[in-house]
Amino acid sequence: MTDSISTSRRAFLKRTATASGFTLGLTLVPVSRPSAMFADAPSSESLTPSVFVSVHDNGQVDITCHRSEMGQQIRTSIPQVIVEELGADWQHVNVVQATGHPKYGDQNTDGSRSIRRNFDRLREAGATAAYLLRAAAATGWQVDISDCEVNNHHVVHKPSGKKVGFGQLVAVASTLPLPDVKQLKLKARKDWQSIGKPMRSLDIQAMTSGTAVYGQDVILDNMCFAVIQRPPVVFSGVESVNDADVKKMTGVLDVITLAAPEAPAMFKPLGGVAVVANNTWQAWQASRALNVKWSDSPNISYDSKTYREQLLATAMAPGEVVRQQGDFATAKQQAESVIEAQYYAPHLAQAPMEPPAATAIVTEDKAEIWACVQTPQAARQVVAAALNLDPENVTINVTLLGGGFGRKSKPDFVVEAALLAKAMKRPVKVVWRREDDIQHGYFHTVSAQSLTATLNKQNKVTGWLHNSVFPSISSTFNPAANKPSDGELDLGMIDNPFDIQNLQLERGEANAHVRIGWLRSVANVYHAFAIQSFVDEIAHQTGKDQQTLLLDMIGPDRHIDFAKSNAKYGNYGDPQEDYPVDTARLKNVINTVCKKADWSQRHKQGRYLGLAAHRSFLSYAAVIVEVEVDNSGSWSIPKAYVALDAGTVVNPEHVRAQCEGGLIYGISCAIGQITASNGQINESNFHNYQVARMPQTPVSVEVSIIESSAPPGGVGEPPTPPAAPALANALFAATGNRLRELPIPLTVKRIKS
Amino acid sequence: MKVTINQKTFDYDGDPAMPLLWFIRDDLKMTGTKFSCGMALCGACTVHIDGEPTRSCQLPMSAVQGKEVTTIEGLSKDASHPVQEAWREHNVPQCGYCQSGQMMQAAALLSKNADPSDQDIESYMSGNICRCGTYPRIRAAIKTAAGKV
Ligand code: FES
Ligand code: FES
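These figures come from a predicted structure and were not determined experimentally.

### Brief notes about the overall build of chain B
Next up, step 1: Regarding its fold elements, chain B presents five helices and five strands.
Next up, step 2: Ordered by position from the N terminus, the helices and strands of chain B form the series β-β-α-β-β-β-α-α-α-α.
Next up, step 3: Dimensions along the principal axes, computed over C-alpha positions, put chain B at roughly 45 × 25 × 25 Å.
Next up, step 4: In chain B, which comprises 149 residues, the proportion classed as buried is 62%.

Dropping the structure here:
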């Protein structure tokens with residue numbers, strides 16, 4: 001028997017009863033099922049036991065993806081997890097993108113946690129729906145539920161081989177009480193058929209045909225288009241503007257001044273002058289004719305060149321100790337030799353391929369938005385606050401994101417659209433141009449770090465001092481925040497995995513002068529750059545092999561005990577019992593990547609390799625970059641290697657893609673920079689904000705995913721942090737030029753021949 | 001003036017300086033051609049003008065008078081161009097936003113060069129940015145599609 005589409009419940013029950021021998025004599029009383037996981041009221045035409053799954057009586061299964069799709073194929077991997085337990089046939093699976101609503105739990109697509117934080121609940125959601133379908137079949141057949149299995153969109157009675165399609169069970173299943181989680185028997189790992197399989201993206205047809213819809217692509221009836229000239233310096237506002245002249249230009253519907261925010265910046269729009277017109281081009285053209293006088297701002301003195309000096313000086317001065325074991329000062333006194341180096345990394349812009357965009361319709365008491373947001377719930381909150389509406393009356397529809405990388409977790413652009421749609425009383429799309437994106441972002445912070453290693457006679461590292469100094473993301477939310485936050489130091493600094501007797505980690509003060517925000521891997525990017533470059537420096541100065549030294553410094557297999565060094569470690573919000581800092585796993589990715597790259601033979605083969613390894617987002621990544629440098633010093637990357645241990649992975653094909661893309665994003669982080677003069681960002685588009693193009697990226701990437709049954713770790717971010725130090729170390733091997741400051745130029749001076 | 005896009009002819013009497021990109025996206029509401037830099041720096045907006053890959057964000061309407069424009073929507077019926085098929089075979093897209101432009105550029109490359117070397121691919125594709133870093137797969141997919149265009 002196969003699924004068939006029923007036209008009415010009665011006809012369908014009748015058919016069910018006759019064709020599959022159902023007994024419908026039982027009185028099934030619908031029960032109310034209040035629960036946080038529970039969506040809307042059940043109906044007999046669909047079974048919706050959780051916010052994630054709906055089974056319809058025509059057999060269609062709707063799976064709701066509550067996380068934003070920005071290239072990681074979460075819209076494929078979430079269904080993979082649910083389908084595993086539900087036993088659905090992909091032919092009948094439809095993916096629905098969730099709007100922003102707290103009923104889904106956390107939706108902030110950020111921090112590499114979509115799978116790790118949802119894996120169990122998604123499995124349970126699939127298993128719950130499966131349980132109800134099985135229970136319905138068991139009731140109908142008057143058999144024991146434990147003899148009923150889900151398989152290929154049917155419930156099968158194992159002893160007799162009878163089967164019935166999902167659709168036909170919906171009416172009965174939707175009247176049954178929800179099972180307790182304890183009643184659910186999740187499938188054993190060895191029986192997985194969907195989790196762990198390299199399934200193609202469900203969106204790939206749309207993406208290769210040009211029909212996929214992103215934030216910039218939203219079209220509504222009667223829509224107009226806005227381009228905004230924002231203040232060049234954060235917190236400055238409009239003093240005067242020639243709006244009357246600009247209003248007369250072709251296609252211009254209105255010129256609207258938006259108020260400058262007061263500190264803290266949070267997710268507030270920056271203010272400025274919006275030009276609303278009949279199409280993007282007219283708005284853009286007219287905005288060029290704007291002549292705005294901007295008010296003063298305390299940030300007007302910001303100059304990234306002088307600020308760099310200040311940061312480096314702070315990094316070299318004693319800082320506030322945040323983790324300590326042993327006695328570094330004594331180790332230094334007793335040292336045979338001391339190695340010291342400073343590292344600097346500039347601001348970066350996330351620069352997703354799709355600049356931010358949002359489209360809004362606002363009426364008296366409601367707002368509906370379509371936008372490429374990583375965090376639809378925050379968008380809903382800020383729009384509700386800005387329009388003075390109840391959040392329940394604000395709908396945030398999440399489009400595909402043309403990349404996010406942290407930029408689209410700040411919904412300032414969504415509020416802009418809402419305010420303008422309200423003013424225009426018609427739908428408005430706010431189009432951010434690339435210049436807007438690069439100049440008015442929430443920038444990856446600028447950082448300076450000082451590292452000192454002390455060595456004994458045998459060249460063993462006896463002491464390690466690391467001072468990290470940067471303006472904190474916290475400053476965006478709290479203007480008083482003037483030093484690296486614990487949360488940021490937890491990203492690759494506090495969790496130092498080295499077995500060094502005398503360890504001292506510090507932070508220093510730094511004030512922010514631009515909006516600071518998350519960028520893929522966040523503080524791990526610069527912490528890994530400094531630490532993994534410094535290890536290579538020590539290897540070089542002591543004549544050791546870097547792999548050997550790294551393994552040696554990491555020391556014996558163990559779980560790092562932070563209590564021993566009086567440190568608290570946040571561990572990405574997850575318990576260390578489930579996700580320890582496991583040195584064996586870190587060493588394993590190093591050994592794996594070295595083996596793949598034939599590391600030990602590199603000198604003989606005349607290849608220049610750079611190695612780096614870093615744990616972040618509860619996963620372990622090691623990277624080797626191979627460079628070729630021509631006579632002019634211009635470098636290329638014939639090959640790169642990544643080993644990733646992310647615990648249990650749902651879709652190895654897309655994990656591979658994240659390893660490739662994450663590594664390449666890390667190369668971009670190594671070669672780009674955002675600078676400021678007089679408080680204004682100097683860069684504006686891809687001609688002066690360098691991002692990796694094909695010639696700066698590996699011709700091929702060999703990815704090794706470590707087989708693991710550990711709980712899922714992050715995937716989207718961990719491959720990024722080791723990229724910059726691996727590249728810098730490879731360039732050192734090839735040229736003898738130690739690159740302690742980012743950006744790395746595309747042409748590197750040779751120090752050795 | 002008249003412009004032919006995917007074999008359909010359209011009348012246009014707006015600002016002759018408006019880039020073709022906005023005519024395609026805002027007026028025709030065909031959003032497969034993407035906007036990313038607006039300065040001919042990234043290739044997201046690539047279309048074919050009489051078969052030549054061109055950045056539509058910097059091409060004024062006055063320059064397309066009487067020309068044949070092909071966008072991603074017109075590259076093939078049912079997304080069946082060998083480049084589109086190879087893109088799926090290699091799971092190239094991540095966010096997908098740059099990929100219309102990448103595929104238009106790659107299709108043009110293969111129409112001229114049936115067997116491009118790594119170096120040919122690199123120099124022809126270096127104007128197309130992919131922030132998701134799908135370059136290694138783009139290279140592989142171009143090789144798969146080579147000879148089939
Ligand atoms: S949008 Fe035209 S080249 Fe970037
Ligand atoms: S796939 Fe995202 S920018 Fe290329």
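### Considerations on the packing of aromatic side chains
Next up, step 1: For the structure shown, the criterion picks out 18 aromatic pairs over all chains.
Next up, step 2: Between Trp284 of chain A and Phe35 of chain B, the aromatic rings sit 5.7 Å apart at their centres with planes inclined by 70°, giving edge-to-face as the arrangement. Note that Trp284 of chain A is positioned in helix α7 (residues 280-288) and Phe35 of chain B in the loop between α1 (20-27) and β3 (46-49), a pairing that runs across two chains.
Next up, step 3: Its relative accessible area of 7% is what places Trp284 of chain A among the buried residues.

### Quick look at the domain arrangement of chain B
One frequent convention defines the size of an interface as the accessible area lost when the parts assemble.
Residues and elements named next belong to chain B.
Next up, step 1: If you check the domain split of chain B, you get domain 1 (2-73) and domain 2 (77-145).
Next up, step 2: For domain 1 and domain 2, the distance between their C-alpha centres works out to 20 Å.
Next up, step 3: Counting residues at the interface gives 18 residues for domain 1 and 14 residues for domain 2.
Next up, step 4: Approximately 1200 Å² of surface area, both sides summed, lies buried where domain 1 meets domain 2, with 53% of it carried by carbon and sulfur atoms.
Next up, step 5: Counting across the domain 1 and domain 2 interface gives one salt bridge.
Next up, step 6: Here Lys112 ties to Glu52 by a salt bridge, and the two come within 2.6 Å at their closest N and O atoms.
Next up, step 7: On the surface where domain 1 and domain 2 come into contact, there are eight residue pairs in polar contact (both at pLDDT 80 or more).
Next up, step 8: Mapped onto the side of domain 1 that touches domain 2, the elements with two or more residues apiece are β3 and β4 (52-55).
Next up, step 9: Its residues assigned to classes, the side of domain 1 that touches domain 2 comprises seven nonpolar, eight polar and three charged.

### Topic: helix α4 (residues 166-173) of chain A
Side chains of residues three or four places apart in an α-helix project in the same direction, reflecting 3.6 residues per turn.
Next up, step 1: For α4 of chain A, the tally of buried residues reaches eight of eight residues, placing the bulk of the element in the interior.
Next up, step 2: For α4 of chain A, every residue scored as buried is listed here: Phe166, Gly167, Gln168, Leu169, Val170, Ala171, Val172 and Ala173 of chain A.

### Quick word on unusual backbone geometry
All names here are of chain A.
Next up, step 1: Ala263 connects to Pro264 through a cis peptide bond whose omega is 0°.
Next up, step 2: Note that Pro264 resides in the loop between β10 (252-258) and β11 (272-277).
Next up, step 3: Leu742 connects to Pro743 through a cis peptide bond whose omega is 5°.
Next up, step 4: Of note, Pro743 is situated in the segment after α19 (723-735).
Next up, step 5: The phi angle at Phe235 is positive, at roughly 80°, despite the residue not being glycine.
Next up, step 6: Structurally, the position occupied by Phe235 is in the loop between β8 (224-229) and β9 (238-241).
Next up, step 7: Given the relative accessible area of 23%, Phe235 is considered partly exposed.
Next up, step 8: Not every positive phi belongs to a glycine, and Asp598 is a case in point at roughly 60°.

### With respect to the sheet that holds strand β27 (residues 700-705) of chain A
All names here are of chain A.
Next up, step 1: With respect to topology, four strands assemble into an open sheet ordered β22-β23-β24-β27, the strand pairing being mixed. What marks the edges here is a single partner per strand, and that holds for β22 (608-616) and β27. When the angles between neighbouring strand axes are averaged without regard to direction, this sheet yields 15°.
Next up, step 2: Strand direction decides the pairing type here: strand β24 (residues 635-645) and β27, joined by six bridges, are parallel.

### Structural notes on helix α4 (residues 118-125) of chain B
All names here are of chain B.
Next up, step 1: Buried within α4 we find Ile121, Glu122 and Met125. End-on, the buried residues of α4 take up no more than an arc of 95°, which puts them together on one face.
Next up, step 2: Buried residues in α4 make contact with α3 (99-112) and α5 (135-145).

### Comments concerning the side chain of Thr375 of chain A
Next up, step 1: Counting through the fold element by element, Thr375 of chain A comes out in the loop between β16 (367-371) and α10 (376-387).
Next up, step 2: Not counting chain neighbours up to four residues away, the residues in contact with Thr375 of chain A comprise Gln107, Asn108, Lys408, Ser409 and Pro411 of chain A.

### Points about the environment of Lys77 of chain B
Next up, step 1: In this structure, Lys77 of chain B sits in the loop between β5 (68-70) and α2 (82-89).
Next up, step 2: Its relative accessible area of 69% is what places Lys77 of chain B among the exposed residues.

### Quick notes on the interface of chain B and chain A
Next up, step 1: Opposite the 56 residues of chain B that make contact, chain A presents 59 residues.
Next up, step 2: Counting each side, the surface lost to burial between chain B and chain A is near 4700 Å², with a carbon and sulfur contribution of 59%.
Next up, step 3: At the surface where chain B touches chain A, the tally comes to four salt bridges.
Next up, step 4: Asp217 of chain A serves as the salt-bridge partner of Lys34 of chain B, at 2.4 Å between the closest nitrogen and oxygen.
Next up, step 5: Taken together, the elements giving at least two residues each to the side of chain B that touches chain A come down to α1, α2, α3, α4 and α5 of chain B.
Next up, step 6: Residue classes in the side of chain B that touches chain A are distributed as 26 nonpolar, 15 polar and 15 charged.

Calculation rules
- Residues numbered from 1 in each chain as written.
- Chains lettered and ligands numbered in written order.
- Predicted model: local features only at pLDDT ≥ 70, side-chain atom pairs only at ≥ 80, totals over all residues.
- Heavy atoms only, no water.
- Helix = DSSP H or I, 4+ residues; strand = E, 2+ residues; numbered from the N terminus.
- Buried < 20%, exposed > 50% of the residue type's maximum accessible area, 1.4 Å probe, protein only.
- Phe/Tyr/Trp six-rings, centres within 6.5 Å; stacked < 30°, edge-to-face > 60°.
- Domains from an automatic or database assignment.
- Contact = heavy atoms within 4.5 Å.
- Buried area = accessible area lost by both parts, 1.4 Å probe.
- Salt bridge = Lys/Arg side-chain N within 4 Å of Asp/Glu carboxyl O.
- Polar contact = N/O pair within 3.5 Å; in protein donor to acceptor, adjacent residues only side chain to side chain.
- Nonpolar A, V, L, I, M, F, W, Y, C, P; charged D, E, K, R; others polar.
- Pairing = 2+ DSSP bridges.
- Axes fitted to C-alpha atoms, helices over the stretch in contact; angles between N-to-C directions.
- Arc of directions from axis to C-beta.

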